[in-house]
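Report on the structure
Residues per chain are reported as follows:
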Amino acid sequence: MTQITGELKERKQRLLKFCLQIMNADNPVQAVEQNRDVMDTVSADEVIWVVDELVKQNIPMNPLKYGINKILNLFYNTLNNTPDINLPEKSFLDYLQKNNAVMDEKLKSIKPLVRRINKETITEELRNTLKEKFYELLPFDNHYVIKENILFPLLEKYWKDYRCVQVMWSFHDDIRRNIKEIIQLLEKDTLNLEQFNHFAGLIFFNMYAIKFREEKILFPQILKTISTKDINQMLKESLSLDWPYVKPEIKTNDIMMTDKNNRSGEIDLETGLLFPEQIKIMLNHLPVDITYVDEHNKVRYFSSPKKRIFPRSKSIIGREVKNCHPPESVHVVEQIVEAFRKGEKNQADFWINMKNETILIQYFAVRDEQGHYKGVIEVSQEISGIQSLKGEKRLLDWE
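Because the structure is predicted, anything quoted here is derived from the model rather than measured.

Rules used throughout
Residues numbered from 1 in each chain as written. Predicted model: local features only at pLDDT ≥ 70, side-chain atom pairs only at ≥ 80, totals over all residues. Heavy atoms only, no water. Phe/Tyr/Trp six-rings, centres within 6.5 Å; stacked < 30°, edge-to-face > 60°. Helix = DSSP H or I, 4+ residues; strand = E, 2+ residues; numbered from the N terminus. Buried < 20%, exposed > 50% of the residue type's maximum accessible area, 1.4 Å probe, protein only. Lys NZ or Arg CZ within 6 Å of the ring centre and 35° of its normal. Core = buried A, V, L, I, M, F, W, Y, C linked by side-chain atoms within 4.5 Å. Contact = heavy atoms within 4.5 Å. Pairing = 2+ DSSP bridges.

Focus on the packing of aromatic side chains
Inspection of the entire model under this criterion finds 10 aromatic pairs. Ring centres of Phe92 and Trp243 lie 5.8 Å apart, and the angle between their planes is 75°; on these two criteria the pair is classed as edge-to-face. Linking Phe92 in helix α6 (residues 92-119) with Trp243 in the loop between α11 (228-238) and β1 (267-268), this pair joins segments that are 151 residues apart in sequence. Grouping residues by exposure puts Phe92 and Trp243 together as buried. An angle of 50° between the planes, with centres 6.5 Å apart, marks the rings of Phe152 and Trp169 as tilted. Residue Phe152 is located in helix α8 (residues 141-158), and its partner Trp169 is located in helix α9 (residues 164-187); the two are separated by 17 residues in the primary sequence. By way of ring pairs, the aromatic residues Phe92, Tyr95 and Trp243 are connected into one cluster. We note Lys65 situated over the ring of Phe171; from NZ or CZ to the ring centre the distance is 5.4 Å. Over the ring of Phe171 we find Arg213; its NZ or CZ atom is 5.3 Å from the centre of that ring.

Here's the deal with the nonpolar core
In summary, soluble globular proteins display a tendency toward joint burial of nonpolar side chains. Judged by nonpolar contacts, the single largest core of 84 residues is most densely connected at Phe75, Phe92, Phe134, Phe196, Met207 and Ile222. Not counting the four nearest positions on each side in its chain, Phe196 is found in contact with Val114, Ile117, Leu130, Phe134, Ile182, Leu185, Leu186 and Leu191. Grouped together as the second largest cluster of nonpolar side chains are 19 residues, Ile309, Ile336, Ile359 and Tyr363 included.

Some details on the pairing of strand β3 (residues 289-293)
Counting buried positions along β3 gives four out of five residues, so the element sits mostly inside the fold. Bridging between β3 and strand β4 (residues 299-302) involves three bridges; their strand directions are antiparallel. Within β4, the position partnered with Tyr292 by the bridge is Tyr301. Following β3, the chain reverses through five residues before pairing antiparallel with β4; Asn297 in that reversal takes a positive phi of roughly 65°.

Here's what the structure looks like:
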């Protein structure tokens, strides 16, 4: 047993060394020849492990993603030749795969149009057809949202080598950004064909790459390491979000919910006594998204208003706040939290344009009566209506 363990450890270190050689362009041809046996036998769990190790190297995200693409291209044939897994019908993973299949068909329908626009005169009709086709890809963003808010937290909980999800999240953001960019290009009076081809290439490559990595690496390892109970729970939690194309055939009444009659009594809030149910209703009726992260950087609560601004699921409860943000922006969150913890700042404000709305995002330091840091509250609010207010309104005008 000791010998087997030693051999596995040696193989992993050899795999890591090989991947670093490829990333650093350190005599890659020779590295491939010397490690062809590893390339021909690499497994999904080894890929997950080595990506985790590469993330630990603190390589900047863009060169890290570029290097991982080169590495997985070398592993493609081996991984692609592994038998397809049989996912349980109507399971969480099955719905992810079904939506992948629809996305695949939509990409296939775009390919001949891309060829046409490069060979024919660019007409308004052809440009509009292409724009409509790329618009059809926008709902697939929900596929990534579900992964980020439901699947990734579970992997962080159970996998020691979970950091591959950080890289995958960054690829998600690239895809989102590139689809928006190509639609904006197609909406202009004159199409820049060079830019169009650039973004089209990125979209096709990244969307197919993520699909492949899900189905040949992520899903098989999830089936091996995550319980059926947890996988089923992810499906239930996903109903709070919107699936892109193929939606789960589960009624919300089937979801296990807390008995509303099981009240623990009133809670003394010093300025009033409220039942937990009343507190929940009150917070959920505020026209803002509220998320509370405690002093240990763990997400403890989020509100559920009728109109959510940013997606949330119960899977984030107990999650490290740094894992709830894309890799490119997590350093900003960490900077805010650290400044709050040190007592240097008490508030941070941002505002962004999203889906023709202006979103105000505010972070507030939470402190007890003695001034001890107790966490941070994030409050997000759509403020387009507020921005348009002028003068005064003193009368009721419901009619």
